[in-house]
Every structure is written in C-alpha cells, then in structure tokens.
Amino acid sequence: MQVDLRSECATEEIHDPIEVDEAYVPKVGMWFESVEDVGLFYKEYAKRAGFSTKIRNSNRCENTKEIKNQLITCTREQRWTLEVPSLEKTNPIRGANCPARIYVHIDKKSRLRCISKVVLDHSHPCSTEKAQMLPQHRGLSLDVRRTIENNDLSGIRPRQTFSRL
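Conventions we followed
Residues numbered from 1 in each chain as written. Predicted model: local features only at pLDDT ≥ 70, side-chain atom pairs only at ≥ 80, totals over all residues. Heavy atoms only, no water. Helix = DSSP H or I, 4+ residues; strand = E, 2+ residues; numbered from the N terminus. Expected span 1.5 Å × (residues − 1). Pairing = 2+ DSSP bridges. Contact = heavy atoms within 4.5 Å. Axes fitted to C-alpha atoms, helices over the stretch in contact; angles between N-to-C directions. Phe/Tyr/Trp six-rings, centres within 6.5 Å; stacked < 30°, edge-to-face > 60°. Buried < 20%, exposed > 50% of the residue type's maximum accessible area, 1.4 Å probe, protein only. Polar contact = N/O pair within 3.5 Å; in protein donor to acceptor, adjacent residues only side chain to side chain.

Engineer: Please explain helix α2 (residues 142-153) as it appears in this structure.
Structural biologist: Owing to its 3.6 residues per turn, the α-helix aligns residues three or four sequence positions apart on the same side. With twelve residues, α2 should cover 16 Å at 1.5 Å per step; its first-to-last C-alpha distance of 17 Å lies within 8% of that length. At the C-terminal side of α2, Gly155 shows a positive phi close to 90 degrees.

Engineer: Looking at this model, I keep getting lost on the sheet that holds strand β3 (residues 67-74). Mind explaining?
Structural biologist: Pairing between sheet strands relies on hydrogen bonds along the backbone, with the strands arranged either parallel or antiparallel. Ordered by their spatial adjacency, five strands build an open sheet running β1-β5-β4-β3-β2, and the pairing between neighbours is antiparallel. A strand with exactly one partner marks an edge of an open sheet, and here the two such strands are β1 (31-32) and β2 (53-60). Alignment of strand β4 (residues 101-106) against strand β5 (residues 113-119), held across six bridges, turns out to be antiparallel. Bridge pairing in β5 places Ile106 opposite Arg113. Together, β1, β2, β3, β4 and β5 form the strand contacts of helix α1 (residues 35-49), whose direction differs from that of β3 by roughly 10 degrees.

Engineer: What's the story with the packing of aromatic side chains in this structure? I'm lost.
Structural biologist: Aromatic ring pairs are described here by two measures, namely the spacing of the ring centres and the angle between the planes. Scanning all chains against the criterion turns up four aromatic pairs. Between the aromatic rings of Tyr42 and Tyr45, the centroid separation amounts to 6.0 Å while the plane-to-plane angle is 25 degrees, which identifies the pairing as stacked. Note that Tyr42 and Tyr45 are positioned in helix α1 at a spacing of three residues, about one turn of the helix. A residue is classified by how much of its surface remains accessible, and Tyr42, at 0% relative accessible area, is buried. By way of ring pairs, the aromatic residues Tyr42, Tyr45 and Phe51 are connected into one cluster.

Engineer: What should I look at first to understand the side chain of Ser52 in this one?
Structural biologist: Along the chain, Ser52 turns up in the loop between α1 and β2. What makes Ser52 buried here is its relative accessible area of 9%. Within polar-contact distance, the side chain of Ser52 engages the side chain of Thr75 at 2.9 Å.

Engineer: Please explain unusual backbone geometry as it appears in this structure.
Structural biologist: Across the chain, the bulk of peptide bonds are trans and the bulk of non-glycine residues have phi less than zero. A positive phi angle, close to 65 degrees, is found at Arg111, a residue other than glycine. Position of Arg111 relative to the elements: it lies in the loop between β4 and β5. A residue is classified by how much of its surface remains accessible, and Arg111, at 38% relative accessible area, is partly exposed.

Engineer: Would you mind showing me how to read the pairing of β4 here?
Structural biologist: The pairing of β3 with β4 spans five bridges and is classified as antiparallel. Note on β4: the bridge partner recorded for Gln70 is Val104. Taking the residues that link successive antiparallel strands as the turn, the β4-β5 hairpin has six residues, and the phi of Arg111 there is positive, at about 65 degrees.

Pasting the structure below:
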C-alpha cells in the first residue's frame, strides 16, 4: 500500500523512484527486530536510490522509554519558511518538499517493528552516482583507513598520503 502525497506536494513535478534491487526496497508489512534495524535498512535503500534520510519523529513509551513509532523521511522533505523567492536562494533544491518517507510502529504482541506506510516518490532528482558524496553515506574503506594510519605513524604528511590515494 503506497500513500499518494502528490496533492500535498508544493512542487509540480514528482520524480519516479530509481530502480533498486527488490530486496532493498521497503514495503508495507516488513518486520524488523529493532528500530535501529529499520533505520539501517532504509539508509541502505536510500544509498542505492541516491538520497539521504533523517528521523523526523519518534514517539516513546512513557514507562520503558522504548520507541513506539518512528517517521523516517528524505532529508529534502522540509519546506522553506522564508519569504525569499526561490531564484534568490543559495540552494533552492534543499527544501524540495519531498514526500518520500516510511512510518514504523511497534507490534504490541510480538514486540517487533513493522513498516506501516511507504512513499517512494521524490519531488527532486536522485543520483545514485553522487549518493556516496552525501554526508550520510560518506565513509572510508578499511584499506584506506589502514593506509592513512600507517602513513601517520611513519611520519608521512597528510598531503602526501592523500595525493597517493
């Protein structure tokens, strides 16, 4: 079940989701052991689809402080609140009012997390080639880390290290 938020979206153009391997696409009814597992799963999907995510809302139980519900959205879902025309903004695509999101809730009986709502449409273009440049998906491989550490211990300057990588 996908929720269509096209009428709520302020931008006129909705970009279809990028083709991603079916095993990584979030679907309504998927079950996870913890909220962290859901977050890691959606981050992996986001990396493969070319966008980044953020946790928009989390509701906790009053007694146990355990997360009951969580809303994870695209980082570009925010709306601009300034009265500045979009042509004068330094980064007009940043607040693209993107409807992409998943909603997770806890099942009271099994204590598992279930995805209950999924929206995969974006109001901005996503780029799988540039996904590793997004702050959420940046990272160094283990080989590069070891090379940097070894060069640091041996006294090789960072400039020389990065020119060789």
